[in-house]
Every structure is written in C-alpha cells, then in structure tokens.
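The lines below spell out each chain.
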Amino acid sequence: KQWYQRRVRGVVMSVKYNEENVAQLSTVHKLPCKIEYTGNARVSDLLAIAPDGSSSFRGRQLQQTISSIPQNYKGFVLSKSKTTTDTEEEEFTVTHSFKQITGWGWDGKPTKIDFDKLIAVQSALHEDLSSEK
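Residues numbered from 1 in each chain as written. Predicted model: local features only at pLDDT ≥ 70, side-chain atom pairs only at ≥ 80, totals over all residues. Heavy atoms only, no water.

Participant: Just checking my understanding: could you explain the sheet that holds strand E4 (residues 54–57) for this structure?
Facilitator: Think of a sheet as strands paired side by side through backbone hydrogen bonds, with each pair either parallel or antiparallel. An order of E3-E8-E5-E4 is seen for the four strands of this open sheet, with the pairing classed as mixed. Looking at the sheet topology across the chains shown, the edges are occupied by strand E3 (28–30) and E4. Mean inter-strand twist for the sheet, computed between neighbouring axes without regard to direction, equals 35°. As judged from the three bridges shared by E3 and strand E8 (residues 100–105), these two strands associate in the parallel manner. Residue Lys30 lies in a different strand from E8, and its bridge partner there is Gly103. (Pairing = 2+ DSSP bridges. Helix = DSSP H or I, 4+ residues; strand = E, 2+ residues; numbered from the N terminus. Axes fitted to C-alpha atoms, helices over the stretch in contact; angles between N-to-C directions.)

Okay, structure coming up:
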C-alpha cells in the first residue's frame, strides 16, 4: 500500500491506495438530488439511458452531460476510513478510479465540468507560500 498525505485547512489528510484499487475503473454519476445512500449502485438497473442521453429517475426527466478528466490526471473514489479528532487527522482509502463524470440535470443538460479550472484552483489553494517574501 502507498500513502499520500497533505495538510488542508489545518487537517492532515492521508490517502491509502494500492494499485488494484487504482486500476479498478468505475463510472461516476452526479445526480441533482440527495439520496440517503453512499456506495456502489447498479446505475444501469436504475437509469435506462436513451440514445439522446436522457433518462428518468423516480418519474422525473433527466438529461446527461459527460465530463472527461484531463489525460494526465485520474479521479479517485475515496472512502473515509478513520478520523482522529485529537490530532486533526483524517484517513481515506481509494476504492476505485474514474476517467469521467456523468452529470445529470432536471431542467436540461447540466454544465460540463471544467476540470482544467478545478485543477488550477486546487493548485493555487495548495501552493506553498512559505518561500514567498
């Protein structure tokens, strides 16, 4: 197993991963509602996707937009494995990886995710400012 560790807003975040989990490719769906469930779901059993990219969920019409992650990056599905409050540390485990996110919208297609912008914002937030004067 390998580790990645980073301090974010005063909390040490540790991510455990192994090559098996990283290689296990998953499909990620972002729905415009809250479902009281976290975990794997057989989306194909819940959403019959038409050739035009539409579907319905619990009687409501949905439209999809697929957003791909830039070529040199990977997305990871994380599961929280431990929180230690006295040391302000959180530990996560990689369960799957993904190359795209399918976003769903009630009232038309959702906006495509601009991963390049998200990566730029994330880089700026985690930039080491200690060397600046």
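Participant: I tried to follow the packing of aromatic side chains on my own but got confused; where do I start?
Facilitator: Note on aromatic pairs: each is described by the distance of the centres and the angle between the planes. According to the stated counting rule, one finds zero aromatic pairs in the structure shown. Its end group placed over the ring of Trp106, Arg60 keeps NZ or CZ at 4.3 Å from the ring centre. (Phe/Tyr/Trp six-rings, centres within 6.5 Å; stacked < 30°, edge-to-face > 60°. Lys NZ or Arg CZ within 6 Å of the ring centre and 35° of its normal.)

Participant: Would you explain the nonpolar core in this entry?
Facilitator: As a rule of thumb, soluble globular proteins bury nonpolar side chains together. In this structure, Val28, Ile69, Phe98, Ile101 and Phe115 together form the largest nonpolar core, which totals five residues. Ignoring sequence-local partners within four residues, the contact set of Val28 consists of Val77, Phe98, Gln100, Ile101 and Thr102. (Core = buried A, V, L, I, M, F, W, Y, C linked by side-chain atoms within 4.5 Å. Buried < 20%, exposed > 50% of the residue type's maximum accessible area, 1.4 Å probe, protein only. Contact = heavy atoms within 4.5 Å.)

Participant: Help me understand the side chain of Ser67, please; the structure alone is not making it clear to me.
Facilitator: Along the chain, Ser67 turns up in strand E5 (residues 60–68). For Ser67, a relative accessible area of 2% gives the class buried. Excluding residues within four positions of it along the chain, Ser67 makes contact with Lys99, Gln100, Ile101, Lys112, Ile113 and Phe115.

Participant: Could you clarify how one ought to interpret the environment of Leu78 in this entry?
Facilitator: Assignment of secondary structure puts Leu78 in strand E6 (residues 75–84). Sequence separation of Leu78 and His96 is 18 residues, and the distance between their C-alpha atoms is 7.5 Å. Setting aside residues no more than four positions away along its own chain, Leu78 makes contact with Val15, Phe92, Thr93 and Val94.

Participant: Hey, could you run me through the pairing of strand E7 (residues 89–98) in this one?
Facilitator: Note on strand geometry: in a regular strand, side chains alternate between the two faces of the sheet. Within E7, seven of the 10 residues are buried, which leaves the element mostly enclosed by the surrounding structure. Here strand E2 (residues 11–17) pairs with E7 via five bridges, running parallel. In the strand pairing of E7, Val12 is matched with Glu89.

Participant: Is there a simple way to explain the environment of Thr93 in this structure?
Facilitator: Secondary-structure assignment places Thr93 in strand E7. A C-alpha to C-alpha distance of 6.4 Å links Thr93 and Ser81, two positions 12 residues apart in sequence. Here Thr93 is in contact with Lys16, Val77, Leu78, Ser79 and Ser81, once residues within four sequence places are set aside.

Participant: Teacher, can you tell me more about the pattern of salt bridges here?
Facilitator: Should the charged atoms of two oppositely charged side chains come close, the side chains can pair. Taken as a whole and judged by the stated rule, the model has three salt bridges. Here Glu36 ties to Lys34 by a salt bridge, and the two come within 3.8 Å at their closest N and O atoms. Taken as a pair, Glu36 and Lys34 share a single burial class, namely exposed. For Glu90, the salt bridge goes to Lys80, with nearest N and O atoms at 3.3 Å. Here the residue Glu90 occupies a position in strand E7, and Lys80 occupies one in strand E6, the gap between them amounting to 10 residues. (Salt bridge = Lys/Arg side-chain N within 4 Å of Asp/Glu carboxyl O.)

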